[in-house]
Amino acid sequence: MLVGIVGCPNSGKSTFFKALTLAEVEIANYPFTTIQPNQGMAFVTKECPCKKLHVKCSPKNSKCEDGIRYIPIRVLDVAGLVPGAHEGKGLGNQFLNDLTQASGLIHVLDASGKTNAEGKPEPGWDPEKTIEILESEIDEWIKDIASKAFNKSKTIAKTQKKPIERLLADQLSGLGITEDHIKKAMKESEPDSLEFASVLRKISKPILTAANKIDLPEAQENFHSLKQHAHTIPCSADSELALKEAAKHGLIKYIPGSHDFDITGSLSEKQKSALEFIRRNVIEKYGSTGVQLALNKMVFDVLNLIAVYPVADINKFSDSHGYVLPDVHLVQKGTTLKELAYKIHSDIGDNFIGGLNPERKKIGAEHELKDGDVVEILVKR
Ligand SMILES: Nc1nc2c(ncn2[C@@H]2O[C@H](COP(=O)(O)OP(=O)(O)OP(=O)(O)O)[C@@H](O)[C@H]2O)c(=O)[nH]1
Ligand SMILES: [Mg+2]
């Protein structure tokens, strides 16, 4: 799964990306520092079932530290988007094509209002305006794609006599759009309109806003109105990066996303006061730096995914090689046991006969999985 990191120039996208991945990327206080996209691996975090089941796990497709499961998610940090990008302003909007496969977008916004939507200083800039600008630029990008697909579909429809909705859905499947989505959007608008693109954007590229630079007093003031927008999380990417770097060098013990850290190494006075500043101004005020929370919220609340743990032997919670709770799968809320079987492998789906839960009780094909479920899938031999 891929999550895109988007926003206007200089808002802190690369800092946010680096705080999640610790990849070496360029960060600087001027617009268009990033030109080529940065791709990396981040993790969403969940309590691992090993805790409740009192077992020591040996994960294969993820990792577990102190009872927290770290589930890998690809993230992509792209160039800054400016107003008028769809008309070629700034670096244009073609670079958004790298985000076609993204399941959702995190909008990193400079909540301090110290930089405007072009990433330039503008006294009195209202960061709320940036939310509208970003949504409208994403809509324009989708409109471009949808209009081209619509024109192509009209031509094919003439020769193949297939419904336009199906043809359009085929053309837009890369964006994660289905025929039902197209039908819904077509009820409200024409396929080459901005309204149509906006409906598709809400379905295929839901946006969570990371109100960044919350360590600055101006951002804290602006956050009172920013938080009225759905899915808005106060963030300090800079603080998360500092904590992660300090933890990497053994100076502190810090669990990403947690509401505290412990000093474990010897720190200079300067380092100590920088960390205490983060504790007082960010963590104590907002509960965390917000970076890990933003990614977790994107995956679990906005995209509505749950984490489930299929095993081959429910008595040992292991696979056939003895790895305990080896693989975690992120699936849509509402996924049934049989649907999970098919997601793992079509053979497992085809030969599915039922399942067992940790109490060794039988569960059926239609059993709706819950977050954290550990299940054995039974197959015909
Ligand atoms: N105070 C504060 N500054 C931050 C924070 N996050 C990023 N910055 C600063 O904001 C400036 C821009 O950061 P970048 O991460 O390069 O921003 P970007 O959005 O990737 O910029 P472009 O690639 O140019 O679009 C740098 O000076 C960062 O140190 C934060 O949480 N708080
Ligand atoms: Mg950047």
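Fair warning: this is a prediction, and the values are worked out from it, not measured in the lab.

Draft legend 1. View of the site of ligand 1. What surrounds ligand 1 is a group of 23 residues, the closest being K13, T15, F32, T33 and D215. With respect to ligand 1, the backbone of F32 contributes an N or O atom lying 2.8 Å from an oxygen atom. N212 places a polar side-chain atom, nitrogen or oxygen, 3.2 Å from an oxygen atom of ligand 1. Going through the elements one at a time, α1 (13-21) and α8 (237-248) are the ones with two or more residues in the shell around ligand 1.

Draft legend 2. Quick look at the coordination of the magnesium ion (ligand 2). Protein ligation of the magnesium ion (ligand 2) involves S14 (OG) and T34 (OG1), the donor distances falling in the range 2.0 to 2.2 Å. Of the two residues, S14 sits in helix α1 while T34 sits in the loop between α1 and β2 (38-47), which places them 20 residues apart along the sequence. Both residues of the pair, S14 and T34, belong to the buried class.

Draft legend 3. Structural view of the sheet that holds strand β12 (residues 352-356). Strand order in the open sheet formed by five strands is β11-β10-β14-β12-β13, and the pairing between neighbours is mixed. Two strands in the sheet have a free side with no partner beyond their single neighbour: β11 (329-332) and β13 (362-363). In terms of strand pairing, β12 meets strand β14 (residues 374-379) through four bridges, oriented antiparallel. Bridge pairing in β14 links G354 to L378. Against the sheet, helix α11 (residues 337-344) engages β10 (305-311), β11, β12, β13 and β14, with an angle of about 75° to β14.

Draft legend 4. Main features of the side chain of S318. Counting through the fold element by element, S318 comes out in the loop between β10 and β11. Classification of S318 by relative accessible area gives buried; the value is 3%. Apart from the residues within four sequence positions on either side, S318 is in contact with V311, A312, D313, Y323, V324 and L325.

Draft legend 5. Spatial organisation of the domain arrangement of the protein. Taken as a whole, the protein is organised into domain 1 (1-37 + 78-303) and domain 2 (305-379). Listed per partner, the contact involves four residues of domain 1 and four residues of domain 2. Taken together, the links from domain 1 to domain 2 amount to zero salt bridges. When grouped by side-chain class, the residues that make up the side of domain 1 that touches domain 2 number four nonpolar, no polar and no charged.

Draft legend 6. Spotlight on unusual backbone geometry. Not every positive phi belongs to a glycine, and F32 is a case in point at roughly 60°. Summarising the element assignment, F32 is placed in the loop between α1 and β2. Residue class for F32 comes out partly exposed when judged on its relative accessible area of 28%.

Draft legend 7. Structural detail: the packing of aromatic side chains. For the structure shown, the criterion picks out two aromatic pairs. Look at F43 and Y70: their rings are 6.3 Å apart centre to centre, the planes differ by 80°, and that puts the pair in the edge-to-face class. Pair noted here: F43 is in strand β2 and Y70 is in strand β4 (residues 68-77), with a separation of 27 residues, a long-range link. By relative accessible area, which is 23% here, F43 ends up partly exposed. Consider the rings of F223 and Y286, whose centres lie 6.1 Å apart with planes at 90°: the pair is edge-to-face.

Draft legend 8. Layout of the pattern of salt bridges. Scanning all chains against the criterion turns up 17 salt bridges. Across the salt bridge formed by E269 and K272, the nearest N and O atoms sit 3.7 Å from each other. With E269 and K272 both in helix α9 (residues 269-286) and three residues apart, this pair spans about one turn of that helix. The exposed category is assigned to E269, whose relative accessible area is 60%. The network of salt bridges with common partners includes K18, E24 and E245.

Draft legend 9. Summary view of the environment of D301. Inspection of the secondary structure puts D301 in helix α10 (residues 291-302). Note on D301: relative accessible area 42%, which makes it partly exposed. Once the C-alpha coordinates of D301 and I106 are considered, the two residues, 195 residues apart in sequence, prove to be 13 Å apart.

Draft legend 10. Layout of the packing of helix α3 (residues 127-160) against helix α6 (residues 194-204). Following both chains from N to C, one finds α3 and α6 inclined at 105°, their axes separated by 8 Å at the closest point. With respect to each other, α3 and α6 are oriented roughly perpendicular. Contacts between α3 and α6 pair E135, I138, D139, E140, I142, K143 and A146 from the former with L194, F196, A197, S198, L200 and R201 from the latter. Along the lines of polarity and charge, the residues of the contact of α3 with α6 split into seven nonpolar, one polar and five charged.

Calculation notes
Residues numbered from 1 in each chain as written. Chains lettered and ligands numbered in written order. Predicted model: local features only at pLDDT ≥ 70, side-chain atom pairs only at ≥ 80, totals over all residues. Heavy atoms only, no water. Near = heavy atom within 4 Å. Polar contact = N/O pair within 3.5 Å; in protein donor to acceptor, adjacent residues only side chain to side chain. Helix = DSSP H or I, 4+ residues; strand = E, 2+ residues; numbered from the N terminus. Donors = N, O, S within 2.8 Å, 3.2 Å for Na, K, Ca; no water. Buried < 20%, exposed > 50% of the residue type's maximum accessible area, 1.4 Å probe, protein only. Pairing = 2+ DSSP bridges. Contact = heavy atoms within 4.5 Å. Axes fitted to C-alpha atoms, helices over the stretch in contact; angles between N-to-C directions. Domains from an automatic or database assignment. Salt bridge = Lys/Arg side-chain N within 4 Å of Asp/Glu carboxyl O. Nonpolar A, V, L, I, M, F, W, Y, C, P; charged D, E, K, R; others polar. Phe/Tyr/Trp six-rings, centres within 6.5 Å; stacked < 30°, edge-to-face > 60°. Parallel < 35°, antiparallel > 145°, perpendicular 65-115°, else oblique.

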